[in-house]
Amino acid sequence: MALAKFELIKQYILARIESGEWQENDRVPSENQLTELMDCSRMTARRALTELVESGVLERSQGLGTFVAGLKSQSSLLAIRNIADEIKDRGHGYSVKQLELSQVSAQGAVAISLGLEEGSPVFYSVLVHCEQDKPLQVEERYVNPAMIPDYLKQDFNQLTPHEYLSKVAPLTEARHTVEAVIASEQTQQRLEITATEPCLQIIRRTWSRKGVVSFARLTHPGSKFSLGGHLTFNR
């Protein structure tokens, strides 16, 4: 089935971003330029740009045009966060313990989230991210092997999964939910907390241009972690 014209325009833009031809803050073609370049209506070009802006790939600047957005690490509920950068930005020491890196079978929510058949092989990693040598986050991540075939070859003591995935499969979309939980006994031990301490858990799915890349559970001690955001409303 042939792709709609606006999807072809999105692929055209994403391909140039992923190849490095268009860098962060580079201006992308305007609606008029895309109309001529892709032989389409202005409405079609506008839809393609708007969807990429809404997914965070592009950003608009009033009166200036549309630009390639950066994948910024922020202490925000609204942004994808790199825990290593966040800790370092506070001037604190960051360290990590890689506990597991293996292939497992996708079951239940994992299979559904990655769009795979039950029992399909997936890559699985478990890391504990530390601030000042104290555990701050347990990261459990399931990765689609078809998207990231070399995931198990990495050393995540040197580079976080977030950083690696951002390099090899630049994100085009992410969805996450946050809830308060009582951690499992195993996670309590990894976070060095008591059985009664509540935790904040982020469930996150990420996409690249080709499909779902990963499904992650990020668990933090409630006493050491908070989420915030800043919203600006147009009047």
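Refer to the structure presented above.
The sections below set out a description of the structure shown in this document. (Residues numbered from 1 in each chain as written. Predicted model: local features only at pLDDT ≥ 70, side-chain atom pairs only at ≥ 80, totals over all residues. Heavy atoms only, no water.)

Regarding the packing of aromatic side chains
Link 1 in the chain: Under the definition given, this model contains six aromatic pairs.
Link 2 in the chain: Here Tyr-151 and Phe-156 contribute two aromatic rings whose centre-to-centre distance is 4.9 Å and whose plane-to-plane angle is 45°, an arrangement assigned as tilted. In this structure, Tyr-151 and Phe-156 share a single accessibility class: buried.
Link 3 in the chain: A centroid spacing of 6.2 Å and a plane angle of 65° characterise the contact between Phe-156 and Tyr-164, whose relative ring orientation is edge-to-face. (Phe/Tyr/Trp six-rings, centres within 6.5 Å; stacked < 30°, edge-to-face > 60°. Buried < 20%, exposed > 50% of the residue type's maximum accessible area, 1.4 Å probe, protein only.)

What to know about the environment of Pro-161
Link 1 in the chain: For Pro-161, the location among the structural elements is in helix H6 (residues 161-168).
Link 2 in the chain: With relative accessibility at 0%, the residue Pro-161 sits in the buried group.
Link 3 in the chain: Put simply, Pro-161 and Glu-139 are 22 residues apart on the chain and 9.4 Å apart in space, counted from C-alpha to C-alpha.
Link 4 in the chain: Pro-161 has contacts with Leu-127, Glu-139, Arg-141, Tyr-151 and Phe-156, leaving out every residue within four places of it along the chain. (Helix = DSSP H or I, 4+ residues; strand = E, 2+ residues; numbered from the N terminus. Contact = heavy atoms within 4.5 Å.)

Examining the pairing of strand S4 (residues 121-131)
Link 1 in the chain: The buried fraction of S4 amounts to ten of the eleven residues, a majority that puts the element mostly inside the structure.
Link 2 in the chain: For strand S3 (residues 94-105) and S4, the ladder comprises eleven bridges, and the chain directions are antiparallel. Within S4, the position partnered with Ser-105 by the bridge is Pro-121.
Link 3 in the chain: Note: S4 against strand S5 (residues 134-143), nine bridges, orientation antiparallel. Considered in S5, the bridge of Cys-130 is made with Pro-135.
Link 4 in the chain: A loop of two residues connects S4 with S5, the two strands running antiparallel in sequence, and Gln-132 in this loop sits at a positive phi of about 55°. (Pairing = 2+ DSSP bridges.)

What to know about the nonpolar core
Link 1 in the chain: Counting residues in each nonpolar core, the largest one holds 20 residues, and the members touching the most others are Val-110, Leu-114, Tyr-142, Cys-199 and Phe-215.
Link 2 in the chain: Mapped onto this core, the elements with two or more residues apiece are helix H5 (108-114), S4, S5, strand S7 (198-208) and strand S8 (211-221).
Link 3 in the chain: For this core, the element with the highest residue contribution is S4, accounting for five residues.
Link 4 in the chain: Setting aside anything within four residues of it in sequence, one finds Tyr-142 in contact with Val-104, Val-110, Leu-114, Val-122, Phe-123, Tyr-124, Val-213, Ser-214, Phe-215 and Arg-217.
Link 5 in the chain: Judged by nonpolar contacts, the second largest core, of 17 residues, contains Ile-17, Trp-22, Leu-34 and Val-57. (Core = buried A, V, L, I, M, F, W, Y, C linked by side-chain atoms within 4.5 Å.)

Some remarks on the packing of helix H1 (residues 5-18) against helix H2 (residues 31-38)
Link 1 in the chain: At a closest axis distance of 12 Å, the pairing of H1 and H2 adopts a crossing angle of 105°. When the axes of H1 and H2 are compared, the pair comes out roughly perpendicular. Contacts between H1 and H2 involve Lys-5, Leu-8, Ile-9, Tyr-12 and Ile-13 from the first element and Leu-34, Leu-37 and Met-38 from the second.
Link 2 in the chain: Here the contact of H1 with H2 is built from residues that sort into seven nonpolar, no polar and one charged. (Axes fitted to C-alpha atoms, helices over the stretch in contact; angles between N-to-C directions. Parallel < 35°, antiparallel > 145°, perpendicular 65-115°, else oblique. Nonpolar A, V, L, I, M, F, W, Y, C, P; charged D, E, K, R; others polar.)

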